[in-house]
Amino acid sequence: MPDRPDGTPPPAGYIAPGAMTEFITDDWGFFVRSARQYERFNSPYQTVEVHDTVPFGKLFRLDGHFMTSERDEFFYHENLVHPAAVTHPQPERVLIVGGGDGGSAEELLKHPSVKSVTLAELDLAVVDISRKYLTSVHRGALDDPRLTLKIGDGFAHVRESAEQYDLIVLDLTDAGGPSLKLYTPEFYRACAARLTPMGALTLHIASPVAHPDRIRATIASLRTAFAIVAPYLTSVPLYGGLWMMACCSALLDPRTMTPLQVDRRVAQRGIGDLQFYNGDTHRAAFALPNFVRALVA
């Protein structure tokens, strides 16, 4: 409901027609109004939706959870990819588990040293719907000749592959359903075995405000597989605000990079079209508030 003619807001508790509601916890959530539904169907794994919205443009949902949108995807994808990719001296081979919307692949392919990206996505429907509606998210990365698409179980690919990767990006749905086994110490150790000595894994975790227990458990699991676990923060509007990610490695630590070093490396690599990430945001992401320090201690 728009503001009334006199400029006053809608009444408290009013939810606009066509509102898509997502609960962050059992007692807290938010809504985005759908101006138009483009698609809604059940794949073999999940319910897939694409909507047009005023604040976010085309918006993609899985099983009722907001995944990505045209207008805010850079908050998530740039921060998931670049802190590790820029810190790495020369990433060449990359694995993305999940990420069927192509946003992480698009960011990785901005690095000129990247020779191959393997995208292991469980659900072909996610890739197909992204090709159809989310061009402004993947910008053709799903059809880049450097990208190899593997449709199937990401855990199986990691466990059975002999490939060594410089970066592994876990671009997953929240823990639950088919993705639940990808949030386990066993999977993290399998990923660690697929990394080169200077390789790093990045993943998103949860909201430190809404999901503190999930963050504690995930950080503890990651520490069973990696000597260095560097948690960091960003803001993702579509996920309700403050969000935690982590970079994990045997040797590579993005916290050692100064803002000047980050900006210099971005310039040297000719990485353009960054709407969020720069040297200052890199450094700031690892400056954790006290309540977050306590979660990850």
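Reference entry: report on the structure contained in this document. Every chain's residues receive numbers from 1 upward, in the order its sequence appears when written. Per-residue local features are limited, in this predicted model, to residues with pLDDT of at least 70; the limit for side-chain atom pairs, both in listing and counting, is 80 or more; totals at the level of whole chains, interfaces and linings are taken over all residues. Hydrogens and waters are ignored; side-chain quantities use all the structure's heavy atoms.

Quick word on the nonpolar core
Where a protein is soluble and globular, its nonpolar side chains tend to be buried together. Here, nonpolar core refers to any group of buried Ala, Val, Leu, Ile, Met, Phe, Trp, Tyr and Cys residues whose side-chain atoms link them within 4.5 Å. Throughout this description, buried means an accessible area under 20% of the type-specific maximum (1.4 Å probe, protein chains only), exposed means over 50%, and partly exposed covers the range between. Counting residues in hydrophobic clusters, the biggest one holds 39 residues, and the most contacted among them are Val32, Leu59, Phe66, Ile96, Leu108, Val117 and Leu167. Labels follow the DSSP assignment, with helices taken as runs of H or I lasting at least four residues and strands as runs of E lasting at least two, numbered in each case from the N terminus. The dominant element in this core, judged by the number of residues it contributes, is helix α1 (residues 73–87), at 5 residues. In what follows, a contact means two residues having at least one pair of non-hydrogen atoms within 4.5 Å. Not counting the four nearest positions on each side in its chain, leucine 167 is found in contact with Ala84, Ala85, Pro91, Arg93, Val94, Leu95, Leu108, Leu195 and Ala200. Counting 33 residues, the second largest nonpolar core, distinct from the first, contains Leu95, Leu201, Leu233 and Val296.

Side note on the sheet that holds strand β11 (residues 195–206)
The strands that make up a sheet pair up through hydrogen bonds in the backbone, lying either parallel or antiparallel. A pair of strands is labelled paired if DSSP reports no fewer than 2 bridges between them. Here 7 strands make up an open sheet; going across it, the order is β9-β8-β7-β10-β11-β13-β12 and the pairing mixed. Here the strands that pair on one side only, and so sit at the sheet edges, are β9 (147–151) and β12 (228–236). Strand-to-strand, the axes of this sheet are offset by a mean angle of 20°, without reference to chain direction. Of the strand pairs in this sheet, β11 and strand β13 (residues 241–249) are connected by 6 bridges, and their pairing is antiparallel. Following the sheet pairing, threonine 202 is matched in β13 by cysteine 247. Angular values range over 0 to 180 degrees, each being the angle between N-to-C directions of two axes fitted as lines to C-alpha atoms, with helices fitted over their stretch in contact. Taken strand by strand, helix α3 (residues 124–133) contacts β8 (116–121) and β9, and its axis lies near 135° from that of β9. Seen against the sheet, helix α7 (residues 212–223) touches β11, β12 and β13 and runs at an angle of roughly 170° to β11.

A look at the packing of aromatic side chains
Working definition: an aromatic ring pair is given by the centre-to-centre distance plus the angle between the planes. Side-chain rings of Phe, Tyr and Trp, where Trp is taken by its six-membered ring, are said to pair if the distance between their centres is within 6.5 Å; with planes under 30 degrees apart they count as stacked, over 60 as edge-to-face, and otherwise as tilted. All told, the structure shown has 9 aromatic pairs when counted by the stated rule. A centroid spacing of 5.7 Å and a plane angle of 65° characterise the contact between phenylalanine 75 and phenylalanine 276, whose relative ring orientation is edge-to-face. With phenylalanine 75 in helix α1 and phenylalanine 276 in the loop between α8 (259–268) and α9 (279–285), this residue pair connects regions lying 201 residues apart in the sequence. For phenylalanine 276, a relative accessible area of 24% puts it in the partly exposed group. With a centroid separation of 4.9 Å and an interplanar angle of 45°, the aromatic rings of tyrosine 232 and phenylalanine 286 are classed as tilted. Placement of tyrosine 232 in strand β12 and of phenylalanine 286 in the loop between α9 and α10 (290–296) is noted, with a sequence separation of 54 residues between them.

Examining the environment of glutamate 73
Turning to its location among the elements, glutamate 73 is positioned in helix α1. For the pair glutamate 73 and tyrosine 38, spaced 35 residues apart in the sequence, the C-alpha separation amounts to 19 Å. If sequence neighbours within four positions are ignored, glutamate 73 has contacts with Thr68, Ser136 and Val137. Pairs of N or O atoms within 3.5 Å make up the polar contacts considered here, provided that, within protein, one atom can donate a hydrogen while the other can accept it, and that residues adjacent in sequence are counted only when both atoms are side-chain atoms. Within polar-contact distance, the side chain of glutamate 73 engages the side chain of histidine 77 at 2.8 Å.

Some words on the side chain of lysine 110
Along the polypeptide, lysine 110 turns up in the loop between α2 (103–108) and β8. A distance of 2.9 Å separates the side chain of lysine 110 from the side chain of glutamate 107, its partner in a polar contact. If sequence neighbours within four positions are ignored, lysine 110 has contacts with Arg269, Ile271, Gly272, Asp273 and Leu274.

Points about the side chain of glutamate 92
Locating glutamate 92 in the fold gives a position in the loop between α1 and β7 (93–98). A relative accessible area of 19% places glutamate 92 in the buried class. Ignoring anything within four residues of it in the chain, the contact list for glutamate 92 reads Ser113, Val114, Lys115, Ser116 and Asp166.

Examining the pattern of salt bridges
The salt bridge definition used is simple: a Lys or Arg side-chain nitrogen within 4 Å of an Asp or Glu carboxyl oxygen. All told, the structure shown has 16 salt bridges when counted by the stated rule. A salt bridge links arginine 216 to aspartate 213; the nearest nitrogen and oxygen atoms lie 2.7 Å apart. Of this pair, arginine 216 and aspartate 213 both sit in helix α7, separated by 3 residues, roughly a single helical turn. Residue classification places aspartate 213 among the exposed residues on the basis of a relative accessible area of 55%. Each of Glu92, Arg93, Lys115 and Glu163 takes part in a single network of salt bridges with overlapping partners.

Things to note about α3
Considered for burial, the residues of α3 that qualify are Ala125, Val126, Val127, Ile129, Ser130 and Tyr133. Lining the buried residues of α3 we find β3 (36–42), β4 (47–53), β5 (57–62), β8, α4 (135–138) and β9. Residue aspartate 123 occupies the N-cap position of α3, its side-chain oxygen lying 3.0 Å from the main-chain nitrogen of alanine 125.

Observations concerning the pairing of β8
Side chains on a regular strand alternate between the two faces of the sheet. Counting buried positions over the 6 residues of β8 gives 5, a clear majority of the element. Pairing of β7 with β8 involves 5 bridges; the strand directions are parallel. Looking at the pairing, arginine 93 lines up with serine 116 of β8. Whether a crossover is right-handed depends on one test, that the path from the first strand over the helix to the second runs clockwise when the strands point away from the viewer. With α2 bridging β7 and the parallel β8, this β-α-β connection has right-handed handedness. Direction of pairing for β8 relative to β9: parallel, over a ladder of 5 bridges. When the sheet's bridge partners are listed, valine 117 is paired in β9 with leucine 147.

In short, geometric facts, not functional conclusions.
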